[in-house]
Amino acid sequence: MTTHDQYYVPEGSKWPIIASSGVLTLLAGIALAINGINGAVAMIIVGLVIMAILFFGWFSEVIHESREGYYNEQVDSSFRQGMMWFIGSEVFFFACFFGSYYYLREITLPYLGGEGHLGKTNMLWEGFKSTWPLLDLPATEGIRGHYIEAKEAMGAWGIPALNTAILLSSGGTLTWAHWGLKNNNRKQLKIGLALTIILGVTFFLLQVKEYGHAYTELHLTLQSGLYGSIFYLLTGFHGFHVVVGAIMLMAIFGRALKGHFSPHNHFAFEAVAWYWHFVDVVWLGLFIFVYWL
Amino acid sequence: MSTDIAHEEHHHGPPKGIGRWLFSTNHKDIGTMYLVFALTMLFVGGASAMYIRAELFMPGVQFMEPDFYNNMVTNHALIMVFAVVMPAAAGLANWMIPMMIGAPDMALPRLNNLSFWLLPAAAVMLILSTVVPFLPGGGSAINTGWTLYPPLSIQTGMAMDFAIFTVHILGVSSILASINIVVTILNMRAPGMTLFKMPMFCWAWLFTGLLLIIIAPVLAGGVTMLLFDRHFGTSFFDAAGGGDPVLFQHLFWFFGHPEVYVLLLPSIGVLAMIIPTFARKPLFGYNSLVGGMAILFTLGLVAWAHHQYTVGMAAGPTTWFMIITILISIPVGLMLLNFMMTMWRGAMTFETPMLFAVAIVLMFSFAGVTGIMLAVVPADLEYHDSMFVVAHFHYALIPGALMGLLAAAFYWLPKWTGNMYDERLGKIFFWWNVISFNITFFPQHFYGLAGMPRRIVDYNPAFADLNMISSLGAFAYGLSHLLFLYIVIKTVRGGVKAGNKPWEGAQIGTPGLEWDLSSPPPFHSFTTPPVVK
């Protein structure tokens, strides 16, 4: 049950407006840069610096308030529910990509290959065979110059399978660290967190190696048609979330070293753990549907 | 209780100077900023509508290039949806929900401020997208309409990148605002304020918030893929690489159709507050209205492709979307029945909010009827992309969303400012607004059915007379909002004192705790939560 004593309403904060100007600078910079406007990269860097300062400053303030004991149980509950809904919205962000993948693979490609309610739908590109992974593109050479067909698709049982094991065990070590925290075993907490970070970073480095392999040896690029597009979209956004999650893990590791968190009061730890498990589950979906099946 | 400095300062009044607004963590101040932003953008979005109607005043191309016309059509929609109706509804939520449920503030006050301040950033991006085509090397204007369909949106100039990032910022803003509102409703209610004792406005926003948490990320994902197709050589929406432009339509409308309920539901919530007050009867069927909204929420998420009947979907899915779409008329009809049965044998008076409420019930039903026409596949093949569709959704969204928000403003202005608005001016505004609205959009049904396509700068001279009527109506309709602005400013500056419970204290049923507070309410409404019996 939540208590209803004084709910902490912070005094005015400068961070939201800094966030807004940072977002504007960053995105306007990106919009200009991808259109080849000179000097836009500087805008992106300024935007990134503002965002970095923002996250550091805002979270420092919240951590300070939490350490000072401003937050009662009801505030804690607001944070928890807020994080839960945020992860919920992330689920739908990935659902958009997984749904698109399903649609393109199960509806669009067979349709382009001549199945479907209109009978001869492959009149656009005669003889196109719907296969997955899609290596032979519908457009023949010369008609659409900018797609370059990949030589080979990604396999599932090399590094990807290893990465699956790594990420799943990182979920295990994180839970082990959480048990340590709840039993006030600080050593277990620190070791568990350190292991999780090491596993997360290893995952990321292996993923970078895989990208290199795919780009140089398999010639699988963003320009390789649908398969490359889907592959890099899903693994790319997942990789971005891994990086964000790893940074969050490092932040709470630093806090754990400083002696923060108590067995009963450690929302930040749990929020990061939820996020990390979410990233885990997304990878599982990726491994099964993108690499394996 | 710990009496540290931060807690002590809570009992002070608002901070001084511009910092009060820039750094605000107060739900009323942020609500005010939302409302002021929405009202400002109403005139910006209205100006683009005035341009559209001026261009269509007679056949032929009058003023600027056709692409500029298309850009104005796009901006009008994006601004009205994302920068007027949604912020205004969020402003009402900010102002009212904490007071209604007896909370000290929104659950996450700093996040609340961030949700607001992202909006001006998005507005700057949208303005940039309109300006960029006029600069050397700026490329073409955004000529796709707000749906941003590829392949056209892939060929558009760099203005489209600004529009895509506008959508991203708006998406983040509305997700954060929705999270905040949902958490506030679920976690911040005063003791005894159970979910089923909540004012209906809170229920409406609970469903709205949940919808946005589901749909906004999907739109963000869709436009991200668009961005990749434009600049990084991917082929999500290009059949030559194995992709499909229709996929974007699915993603867009998975967002776009529930978005209609995002716009509509807050106003339904407002009507459920206003009608009992002026009918002096508790809301008829509280539980059934909640149930109706729940059904609307569910069906709304699986009805999206009724916007795409003509793209060549297979018969199976097309039938599914037709049936679901027709089914939606049942919960919506139930809601209107709730309102009519509340009025039935009530001791009704017709102050401005109630006049709007009655007009909304009537005109929104009309949009429901044309909606059924459009839902039926064989008929829709005929109506698709005609001005009939434009007439339909303006009858849905202006009464269903915008007028509901105007009614809310009249209903709560006495609470916000402590002053009664000028009732005579309010009534003049109502009649001027509603009559000119009908003059604008009613004829569009006719020339739409007769075959005039939408989104095209020129038209067959056969439609000239009716278009001229539409345009004259539109100018009068646009102008009427200046009177609204005048009424608001006049009320803020002074007027007859409202007292804590204006409207003869007729708030009945589940009116919310805001009426227990003074008018205007203190800067911090409930520092200790009231107990609801």
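Each chain has its residues counted from 1, following the order in which its sequence is written. Labels follow written order: the first chain is A, the first ligand is 1, and so on. Totals for whole chains, interfaces and linings use all residues, but because this is a predicted model, local features are given only for residues with pLDDT of at least 70 and pairs of side-chain atoms are given and counted only at 80 or more.

Draft legend 1. Structural detail: the overall build of chain B. Each helix and strand in chain B was counted, giving 16 helices and zero strands. The C-alpha radius of gyration computed for chain B amounts to 23 Å, which stays within 12% of the reference 24 Å derived for 533 residues, consistent with globular compactness. Dimensions of chain B along its principal axes, counting C-alpha atoms only, are 70 × 50 × 45 Å. For chain B, the residues scored as buried account for 57% of the 533 residues in total. Working definition of a contact: two residues with C-beta atoms, positioned from the backbone, lying within 7 Å. Here the analysis covers contacts within chain B between residues at least 6 apart in sequence; of these, 83% occur between residues at least 24 apart. For the purposes of this entry, the term helix denotes a DSSP run of H or I that reaches at least four residues, the term strand denotes a run of E that reaches at least two, and both are numbered from the N terminus. The quantity called the radius of gyration is restricted to C-alpha atoms. Its globule counterpart is 2.2 Å times the number of residues to the power 0.38. Partly exposed residues are those falling between the two cut-offs: more than 12 but fewer than 20 other C-beta atoms within 10 Å of their own, whereas 20 or more means buried and 12 or fewer means exposed, with C-beta atoms placed from the backbone.

Draft legend 2. Broad picture of the overall build of chain A. Of regular secondary structure, chain A possesses seven helices and zero strands. Ordered by position from the N terminus, the helices and strands of chain A form the series α-α-α-α-α-α-α. Across its three principal directions, the C-alpha atoms of chain A cover 70 × 45 × 40 Å.

Draft legend 3. Up close: the domain arrangement of chain A. Here chain A is partitioned into domain 1 (1–71) and domain 2 (76–292). Where each domain starts and ends comes from a domain assignment, either automatic or drawn from a database. A straight line from the C-alpha centre of domain 1 of chain A to that of domain 2 of chain A covers 26 Å.

Draft legend 4. View of the confidence of the model for chain B. Residue and element names in this part refer to chain B. For chain B, the average pLDDT comes to 93, and 98% of its residues sit at 70 or higher. Confidence over residues 1–10 falls short of pLDDT 50; this stretch has 11 contacts with residues more than four positions distant or in other chains. Scoring of the predicted complex yields 0.94 for pTM and 0.94 for ipTM. Every residue is assigned a pLDDT by the predictor, reflecting its confidence on a scale from 0 to 100.

Draft legend 5. Highlighting the interface of chain B and chain A. The partner chain A presents 59 residues to the 65 residues of chain B that form the contact. Breaking the side of chain B that touches chain A down by element, the ones donating at least two residues are helix H1 (5–9), helix H2 (19–22), helix H5 (109–131), helix H7 (159–187), helix H8 (200–231) and helix H9 (245–279) of chain B. For the side of chain B that touches chain A, the leading source of residues is H7 of chain B, giving 11 residues. By the convention adopted, Pro, Cys, Tyr, Trp, Phe, Met, Ile, Leu, Val and Ala count as nonpolar, Lys, Arg, Asp and Glu as charged, and the other residues, Gly among them, as polar. Its residues assigned to classes, the side of chain B that touches chain A shows 42 nonpolar, 18 polar and five charged.

Draft legend 6. Seen up close, the packing of H9 of chain B against helix H14 (residues 387–417) of chain B. Residue and element names in this part refer to chain B. The N-to-C vectors of H9 and H14 enclose an angle of 45 degrees; their axes lie 8 Å apart at closest approach. Between H9 and H14, the crossing angle belongs to the class labelled oblique. For the pair H9 and H14, the crossing hand works out as left-handed. Only Leu 397, Gly 400, Ala 401, Gly 404, Leu 405, Ala 407, Ala 408 and Tyr 411 of H14 make contact with H9, whose side of the interface consists of Leu 263, Leu 264, Ser 267, Val 270, Leu 271, Met 273 and Ile 274. Angles here are taken between N-to-C directions and fall from 0 to 180 degrees, while the axes themselves are lines fitted to C-alpha atoms, restricted in helices to the stretch in contact. For this classification, under 35 degrees means roughly parallel, over 145 means roughly antiparallel, 65 to 115 means roughly perpendicular, and everything else is oblique. Two helices cross in a left-handed way if the nearer one is turned anticlockwise from the farther one by less than a right angle. They cross in a right-handed way if the turn is clockwise.

Draft legend 7. Layout of helix H4 (residues 159–182) of chain A. Residues and elements named next belong to chain A. An ideal rise of 1.5 Å per residue puts 34 Å on 24 residues; H4 measures up with 34 Å between its terminal C-alpha atoms. The complete set of buried residues in H4 reads Pro 160, Asn 163, Thr 164, Leu 167, Ser 170, Leu 174, Ala 177, Gly 180 and Leu 181. Here the buried face of H4 lies against helix H5 (186–216) and helix H7 (267–292). For a helix, the expected span equals 1.5 Å multiplied by the residue count minus one.

Draft legend 8. Here's a closer look at the packing of helix H3 (residues 73–112) of chain A against helix H6 (residues 226–257) of chain A. All names here are of chain A. Packing of H3 against H6 leaves a shortest axis separation of 11 Å and a crossing angle of 165 degrees. For the element pair H3 / H6, the angle class is roughly antiparallel. Crossing hand, H3 versus H6: left-handed. Between H3, through Phe 97, Tyr 101 and Leu 104, and H6, the contact on the second element is made entirely by Leu 226, Ile 230, Leu 233, Leu 234 and Phe 237. Considering only residue class, the contact of H3 with H6 consists of eight nonpolar, no polar and no charged.

Draft legend 9. Region of the structure containing unusual backbone geometry. Cis geometry is adopted by the peptide bond preceding Pro 133 of chain A, which originates at Trp 132 of chain A and carries an omega value of 0 degrees. Mapped onto the fold, Pro 133 of chain A is located in the loop between H3 and H4. Backbone torsion omega between Pro 150 of chain B and Pro 151 of chain B reads 5 degrees, so that peptide bond is classified as cis. Located in the positive-phi region is Asp 385 of chain B, a residue other than glycine, with phi close to 60 degrees. Among the structural elements, Asp 385 of chain B can be located in the loop between helix H13 (377–383) and H14.

Draft legend 10. Fine view of H3 of chain A. Taking 1.5 Å of rise per residue, the 40 residues of H3 of chain A would be expected to cover 58 Å, and the 57 Å separating its terminal C-alpha atoms lies within 8% of that figure. The sharpest bend along H3 of chain A measures roughly 35 degrees and falls at Leu 104 of chain A. The angle between axes fitted to the seven residues ending at a residue and the seven residues starting there is what we call the bend at that residue.

Draft legend 11. A look at the environment of Phe 442 of chain B. Residue and element names in this part refer to chain B. Relative to the helices and strands, Phe 442 resides in helix H15 (residues 423–449). Classification of Phe 442 by C-beta neighbours within 10 Å gives partly exposed; the count is 17. Considered as a pair, Phe 442 and Tyr 395 are 47 residues apart in the sequence and their alpha carbons are 8.7 Å apart.

Draft legend 12. Expanded view of the environment of Gly 228 of chain A. All names here are of chain A. Here Gly 228 is to be found in helix H6. Taking the number of C-beta atoms within 10 Å as the measure of exposure, Gly 228 has 31 and is therefore buried. Here the alpha-carbon distance between Gly 228 and Leu 135, two residues 93 residues apart in the chain, equals 9.1 Å. Setting aside chain neighbours within four positions, we find Gly 228 in contact with Ala 150, Leu 220, Thr 221, Leu 222 and Gln 223.

Draft legend 13. Molecular detail of the environment of Ala 314 of chain B. Residues and elements named next belong to chain B. Position of Ala 314 relative to the elements: it lies in the loop between helix H10 (286–300) and helix H11 (315–343). With 12 C-beta atoms counted inside 10 Å, the residue Ala 314 sits in the exposed group. Taking the C-alpha atoms as reference points, Ala 314 and Phe 339, separated by 25 residues in sequence, lie 39 Å from one another.

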